[in-house]
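Observations on chain architecture
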Amino acid sequence: MRNTMTHYLASLTPADFAAIGVVEAFDESIQHMATVLDWPASPARIPPQNINPQRRESAYDLDHATRRTLEELNVEDFRLYRHAVDLLAAEAPGTLAAA
């Protein structure tokens, strides 16, 4: 299925949620959500789980053609992601510094 998250969320947008986060800034996103949702303090760093033990770099290196194909096949999901990132950056300045 293409645009999986857009279909999953149906007509909802990131602005419809009390708080959102992105994986690239996971720890900071959790801190933001804890503040917004009045959760008890969480650790500054949450240990990673379910990671690929063979992965050597901090990000997967996709060639330009593969990335372009993924973006073309998932235009709505990429738009949704950019909207979420923009919203998070506006609500919690500095959150995406680590992303």
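Structure: see above.
Procedures and definitions
- Residues numbered from 1 in each chain as written.
- Predicted model: local features only at pLDDT ≥ 70, side-chain atom pairs only at ≥ 80, totals over all residues.
- Heavy atoms only, no water.
- Salt bridge = Lys/Arg side-chain N within 4 Å of Asp/Glu carboxyl O.
- Helix = DSSP H or I, 4+ residues; strand = E, 2+ residues; numbered from the N terminus.
- Buried < 20%, exposed > 50% of the residue type's maximum accessible area, 1.4 Å probe, protein only.

Concerning the pattern of salt bridges
Here the structure, examined in full by the defined rule, presents two salt bridges. Salt-bridge contacts for glutamate 71 lead to arginine 67; the nearest nitrogen and oxygen are separated by 3.1 Å. Of this pair, glutamate 71 and arginine 67 are both found in helix H3 (residues 64-73), four residues apart, which corresponds to roughly one turn of the helix. We classify glutamate 71 as partly exposed; its relative accessible area is 29%. Owing to a relative accessible area of 42%, arginine 67 belongs among the partly exposed residues under this scheme. One salt bridge in this structure joins arginine 68 and glutamate 72, with 3.7 Å as the shortest N-O distance. On the criterion of helical spacing, the pair formed by arginine 68 and glutamate 72 is a turn pair, its members being four residues apart in helix H3. Classification of arginine 68 as partly exposed rests on a relative accessible area of 41%. Judged by relative accessible area, glutamate 72 falls into the exposed class, the value being 54%.

Note that every value here comes from positions in space, so none of it alone points to a role or purpose.
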